[in-house]
Amino acid sequence: QAGWIISCSGAVSAISGFFIGSVTAMYSGNDRRLLLHLAIMQGVSLVFLTMFSDFCSQLLFNIPFSVVNSITRVVATNMTLDMAQKKDIGVVMGVGGSTISIGRFLGPLAGGLMQEIGPWGPGVLGSISSFVCAFIIIASTRSSRHKKVN
């Protein structure tokens, strides 16, 4: 059954890649708002994936999770490139790639440690991380609105 879930997740991610342009167009270039909604959707998907362990529920809740992951990668890269100056794009992308590599190491490590607490541990950690990310996006949006431009 794990093979079916993994295959479905990969297929959904690949198919959703064709619709990233349409999704970003719906947000009229407001990548921050899109990323906020993606973080919330990811957190909710992880909560449901953690709560329900039967095959059909895992398959069902893995679909929005896969869509969110594929869109988030593109939006985060786009936001990174938008914030960088032209001359620094190579450096910023290099640092971003290194950060992702560190996350790919620390994520499974943290998940394994949380698995020692209980089978729900990794899902809880992922959900909390997603909701913290959403909170940071909200806080940074509010603080950038209140800054005075000189």
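Residues numbered from 1 in each chain as written. Predicted model: local features only at pLDDT ≥ 70, side-chain atom pairs only at ≥ 80, totals over all residues. Heavy atoms only, no water.

## Some words on the overall build of the chain
Thinking step 1. The number of helices and strands found in the chain is 6 helices and 0 strands.
Thinking step 2. From first element to last, N terminus to C terminus, the chain shows the α and β order α-α-α-α-α-α.
Thinking step 3. If one aligns the C-alpha atoms of the chain with their principal axes, the spans along those axes are about 55 × 35 × 30 Å.
Thinking step 4. Restricting the contact set of the chain to residue pairs at least 6 apart, pairs at least 24 apart contribute 70%.
Thinking step 5. Total accessible area computed for the chain in this model is approximately 10000 Å², and 69% of it derives from carbon and sulfur atoms.
Thinking step 6. Put simply, the chain has 10 plus and 5 minus side-chain charges, and the middle of one group is 14 Å from the middle of the other. (Helix = DSSP H or I, 4+ residues; strand = E, 2+ residues; numbered from the N terminus. Contact = heavy atoms within 4.5 Å. Areas by Shrake-Rupley, 256 points an atom, 1.4 Å probe, with all protein chains shown as cover. Lys, Arg positive; Asp, Glu negative; His and termini not counted. Charge placed at Lys NZ, Arg CZ, Asp CG, Glu CD.)

## A word on the side chain of Ser45
Thinking step 1. Within the fold, Ser45 resides in helix H3 (residues 31-51).
Thinking step 2. We classify Ser45 as buried; its relative accessible area is 6%. (Buried < 20%, exposed > 50% of the residue type's maximum accessible area, 1.4 Å probe, protein only.)

## So, unusual backbone geometry
Thinking step 1. The phi angle at Ser28 is positive, at roughly 50°, despite the residue not being glycine.
Thinking step 2. Looking at the element boundaries, Ser28 is found in the loop between helix H2 (20-26) and H3.
Thinking step 3. Residue classification places Ser28 among the exposed residues on the basis of a relative accessible area of 67%.

## With respect to helix H4 (residues 55-83)
Thinking step 1. Under the 1.5 Å per step criterion, the end-to-end length of H4 is 42 Å for 29 residues, consistent within 8% with the ideal 42 Å.
Thinking step 2. When H4 is considered as a whole, its buried residues turn out to be Ser57, Gln58, Phe61, Asn62, Phe65, Ser66, Val68, Ser70, Ile71, Val75 and Met79.
Thinking step 3. Packing partners of the buried residues in H4 comprise helix H1 (2-16), H2 and H3. (Expected span 1.5 Å × (residues − 1).)

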